[in-house]
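Residues per chain, in single letters:
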Amino acid sequence: MAVTTKNLPQLYRFCFLMTGDASKAQSAFQDTVREAASRSAGDEPPPDRLWFFRDARGRCLAVGEQGLQAEPGMLEEAEISPMAPEQIASLAPAQLALWISAAPEPQRSALALFYLDEFSLAELLSLLEMKAGEFSELICSGRRQFQSWLDSTIAYYEGGAFDAGQI
Amino acid sequence: MKEERSMPDKSELLLGCAPITEKPGIDRAMRVAINRARHGKKAATFGHQQAFDAAIAKLVRDIPVDAEIAEWFAKENLVPVVRHGWKRIVRNPVVIAIAIALLVIGAVASYRVYEHFHDFPGADKARRLLTVGASNRSVLLDPLQTDAGALSDLFFLKHRLEHYDVPSEFAEFRTLGTRVFDDDEVRRVAQIWIKEKRMQFFLFPAEPDKDGKVTDFSDWRFVELEGWTGAVTQRNGVCFMAALHGGEKDLRPYLDKKKQ
């Protein structure tokens with residue numbers, strides 16, 4: 001698939017999920033697209049759309065290294081609730097981005113790329129340079145941790161969700 | 001509290017990262033795992049997972065893109081579309097394998113068409129008799145040592161086969177044995193073994209052409225099958241075939257003898 005204006009919003013969303021900050025995401029996004037443009041001008045265009053996400057990931061990780069780093073295995077986990085879609089619907093995209101950007105690497109990249117709903121499994125594994133088992137573990141534990149966070153943040157009652165406003 | 005979890009099997013691992021929206025080209029193992037999960041005991045759990053993933057994906061799609069960023073999207077020629085060149089396609093092993101297979105099939109088909117283009121009525125019968133010749137043992141024939149040309153009378157008097165004559169090119173060869181048999185497709189066949197190069201002669205009824213006419217030909221026409229070659233001529237509605245294990249060049253000297 002070629003890189004067109006259709007893919008660029010997804011690239012920005014990826015940067016936003018990785019950094020949890022609009023200005024940092026914008027900076028990483030613009031630097032990646034500039035780099036692609038300069039490569040194209042130098043007759044060495046990016047080989048495929050995955051290149052954009054690899055490059056942006058590197059930039060987002062570099063930005064993230066300046067702040068506090070999350071440690072793996074520190075979060076509580078809970079089984080996926082049937083009420084999860086309603087709980088998630090009451091969230092703002094920025095809340096999700098903050099949660100994902102706070103996850104340790106490589107779980108952060110795995111979750112951000114997976115939930116873009118843009119890539120096949122083979123592409124995801126190629127981007128993250130990991131095996132399917134490892135990737136699946138990261139996504140599954142991410143789901144359970146996010147559910148636990150949802151349960152503690154947004155209690156769901158039969159009438160609707162209640163945002164405790166913890167973020 | 002964290003629960004103890006057993007080691008997941010391959011399909012469980014795949015289900016853990018099942019695609020949020022099923023796109024074409026999804027891996028077969030993944031497709032099978034999803035189908036099993038949807039119709040198995042874990043259908044409800046998998047359903048919750050899919051709903052969970054879909055809700056998050058929707059939230060991701062709702063991430064706002066501000067005007068400044070949107071401007072970058074408008075520059076459609078910012079990044080040139082990288083197309084797969086024909087060289088890359090040609091170097092693909094799958095394409096190479098398909099091309100070779102097509103070439104082989106094409107070559108075989110062309111050969112068969114070429115072969116049949118030069119065929120004469122009765123060529124199929126002649127090829128069938130080549131397989132008979134290749135699989136025969138001399139013990140099947142009645143031993144008879146005489147000149148091949150002398151057998152015409154035997155065929156006529158004993159088997160009522162008229163015009164089953166051995167052409168003059170081969171009439172002087174000494175025989176080892178002979179037999180007459182009925183074949184489902186070729187009908188009445190006279191078979192002669194001779195000493196010379198373990199050659200075999202076949203005499204059989206000619207095949208009518210598309211118009212139903214039997215047209216004789218006095219020249220020699222060749223048929224080949226599995227290393228055997230037959231030289232066929234047709235006279236008085238009867239085909240004569242000299243067959244041996246070898247090529248056309250092995251039969252040529254006998255056929256040119258008469259011309260000299």
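Residues numbered from 1 in each chain as written. Chains lettered and ligands numbered in written order. Predicted model: local features only at pLDDT ≥ 70, side-chain atom pairs only at ≥ 80, totals over all residues.

**Q** I keep staring at the overall build of chain B and nothing clicks. Help me out?
**A** Assigned secondary structure in chain B consists of 9 helices and 7 strands. Looking at chain B as a whole, 25% of its 260 residues qualify as buried. (Helix = DSSP H or I, 4+ residues; strand = E, 2+ residues; numbered from the N terminus. Buried ≥ 20, exposed ≤ 12 C-beta atoms within 10 Å, placed from the backbone.)

**Q** Explanation requested: the overall build of chain A in the structure shown.
**A** Each helix and strand in chain A was counted, giving 8 helices and 2 strands. Ordering the α and β elements of chain A from the N terminus gives α-α-α-α-α-α-α-α-β-β. The 167 residues of chain A split such that 41% are buried. Expressed as a percentage of contacts within chain A between residues at least 6 apart in sequence, the contacts between residues at least 24 apart total 69%. (Contact = placed C-beta atoms within 7 Å.)

**Q** Honestly, unusual backbone geometry in this entry has me stumped. Any pointers?
**A** With the exception of glycine, the majority of residues adopt a negative phi angle, and the majority of peptide bonds are in the trans configuration. Of note, the amide linkage connecting Glu-105 of chain A to Pro-106 of chain A takes the cis form, showing an omega dihedral of 5°. Of note, the phi angle at Glu-226 of chain B is positive, near 45°, even though the residue is not glycine. In this structure, Glu-226 of chain B sits in the loop between β5 (217-225) and β6 (228-235). A count of 9 C-beta atoms within 10 Å places Glu-226 of chain B in the exposed class. Phi is positive for Asn-236 of chain B, close to 50°, though the residue is something other than glycine. When you line up the elements, Asn-236 of chain B lands in the loop between β6 and β7 (238-245).

**Q** Looking at this model, I keep getting lost on the interface of chain B and chain A. Mind explaining?
**A** When the parts come together, some accessible area is lost, and that loss is often what is quoted as the size of the interface. Taken together, the contact between chain B and chain A spans 31 residues of the former and 45 residues of the latter. By residue number, the principal contributor to the side of chain B that touches chain A is helix α3 (residues 43-61) of chain B, which donates 9 residues. Here the side of chain B that touches chain A is built from residues that sort into 22 nonpolar, 5 polar and 4 charged. (Nonpolar A, V, L, I, M, F, W, Y, C, P; charged D, E, K, R; others polar.)

**Q** Please clarify how the nonpolar core should be interpreted in this entry.
**A** Looking at soluble globular proteins, one finds that nonpolar side chains tend to be buried together. Leu-11, Phe-14, Cys-15, Phe-29, Ala-56, Ala-112 and Leu-113 of chain A are the most contacted members of the largest nonpolar core, which totals 57 residues. If we ignore the near neighbours within four places in the chain, the residues touching Ala-112 of chain A are Phe-14, Leu-17, Met-18 and Ile-100 of chain A. Ranked by size, the runner-up nonpolar core spans 35 residues in total, among them Phe-170, Val-186, Met-199 and Ala-206 of chain B. (Core = buried A, V, L, I, M, F, W, Y, C linked by C-beta atoms within 7 Å.)

**Q** Even after reading the chapter, I still don't get the pairing of strand β4 (residues 200-205) of chain B, so can you show me in this structure?
**A** Across the 6 residues that make up β4 of chain B, a large majority, 5, are buried. Taken together, strand β3 (residues 187-194) of chain B and the strand that follows it, β4 of chain B, pair antiparallel across an intervening segment of 5 residues, in which Lys-197 of chain B is found at a positive phi of about 50°. (Pairing = 2+ DSSP bridges.)

**Q** Whenever I open this one, helix α7 (residues 123-135) of chain B confuses me. Can you help?
**A** Residues and elements named next belong to chain B. The end-to-end C-alpha separation of α7 is 19 Å, in line with the 18 Å expected for 13 residues at 1.5 Å each. Looking only at α7, the buried set comprises Lys-125, Ala-126, Leu-129, Leu-130 and Gly-133. For α7, the arc enclosing every buried residue in end-on projection is 150°, short of the 170-degree limit, so these residues lie on one face. Turned more than 90 degrees off the buried face of α7, the exposed positions are Thr-131 and Ser-135. (Expected span 1.5 Å × (residues − 1). Arc of directions from axis to C-beta.)

**Q** What is the right way to read the sheet that holds β4 of chain B from this model?
**A** By way of backbone hydrogen bonds, the strands of a sheet pair with one another, either parallel or antiparallel. Residues and elements named next belong to chain B. Taken together, 7 strands build an open sheet; the order of strands is β1-β2-β3-β4-β7-β6-β5 and the sheet is antiparallel. The sheet is open, and its two edges are formed by β1 (142-143) and β5, each paired on a single side. As defined by bridge partners, strand β2 (residues 175-183) adjoins β3 across 8 bridges and the pair is classed as antiparallel. Across the sheet, the residue bridging to Phe-181 is Val-189, located in β3. Seen against the sheet, α7 touches β3, β4, β5, β6 and β7 and runs at an angle of roughly 55° to β5. (Axes fitted to C-alpha atoms, helices over the stretch in contact; angles between N-to-C directions.)

**Q** Mind showing me how you'd approach the environment of Leu-116 of chain A here?
**A** Among the secondary structure elements, Leu-116 of chain A is positioned in the loop between α6 (107-115) and α7 (121-128). Distance in space between the C-alpha atoms of Leu-116 of chain A and Phe-14 of chain A is 7.0 Å, their sequence separation being 102 residues. Among all residues touching Leu-116 of chain A, those that are not within four sequence positions of it are Gln-10, Arg-13 and Phe-14 of chain A together with Val-60 of chain B.

**Q** What should I look at first to understand the environment of Glu-77 of chain A in this one?
**A** Residue and element names in this part refer to chain A. Examined against the element boundaries, Glu-77 turns out to sit in the loop between α3 (49-64) and α4 (84-89). Taking the C-beta count within 10 Å as the criterion, Glu-77 has 19 such neighbours and is therefore assigned partly exposed. Through-space distance from the C-alpha of Glu-77 to that of Gly-142 is 8.5 Å; in sequence the pair is 65 residues apart.

**Q** I would appreciate a short explanation of the pairing of β2 of chain B in the present structure.
**A** The side chains of a regular strand alternate between the sheet's two faces. Relative to β2 of chain B, β1 of chain B runs antiparallel, the two being bridged by 2 bridges. If you follow Asp-142 of chain B over to β2 of chain B, its bridge partner there is Thr-178 of chain B.

**Q** Please explain the packing of helix α1 (residues 8-19) of chain A against α6 of chain A as it appears in this structure.
**A** Between two packed helices, both the angle of their axes relative to each other and the distance between the axes serve to describe the pair. All names here are of chain A. α6 packs onto α1 with a crossing angle of 145° between their chain directions and a minimal axis gap of 9 Å. Read as a crossing pair, α1 and α6 show a hand that is right-handed. Two secondary-structure elements touch here, α1 through Phe-14, Leu-17 and Met-18 and α6 through Arg-108, Ser-109, Ala-112 and Leu-113. (Left-handed = near helix turned anticlockwise from the far one by under 90°.)

**Q** What is the right way to read the confidence of the model for chain A from this model?
**A** The predicted coordinates should not be examined in detail at positions where pLDDT is low. Per-residue confidence for chain A gives a mean pLDDT of 83, with 83% of residues at or over 70. Ranking the helices and strands of chain A by mean pLDDT puts α6 of chain A first, with 94, and strand β2 (residues 160-163) of chain A last, with 53. (pLDDT = per-residue confidence, 0-100.)

**Q** Any chance you could explain the packing of α1 of chain A against helix α2 (residues 22-41) of chain A here in plain terms?
**A** All names here are of chain A. The N-to-C vectors of α1 and α2 enclose an angle of 135°; their axes lie 8 Å apart at closest approach. Taken together, the axes of α1 and α2 are oblique relative to one another. α1 and α2 meet at a crossing whose hand is right-handed. Along the contact surface, α1 presents Leu-8, Leu-11, Tyr-12, Cys-15, Phe-16 and Thr-19, while α2 presents Ala-22, Lys-24, Ala-25, Ala-28, Phe-29, Thr-32 and Val-33. (Parallel < 35°, antiparallel > 145°, perpendicular 65-115°, else oblique.)

**Q** What's the story with the confidence of the model for chain B in this structure? I'm lost.
**A** Residue and element names in this part refer to chain B. With 90% of its residues at a pLDDT of at least 70, chain B reaches an overall mean of 83. When mean pLDDT is compared element by element in chain B, β4 scores highest at 92, while helix α4 (residues 67-74) scores lowest at 72. As a predicted assembly, this complex carries a pTM of 0.55 together with an ipTM value of 0.85.

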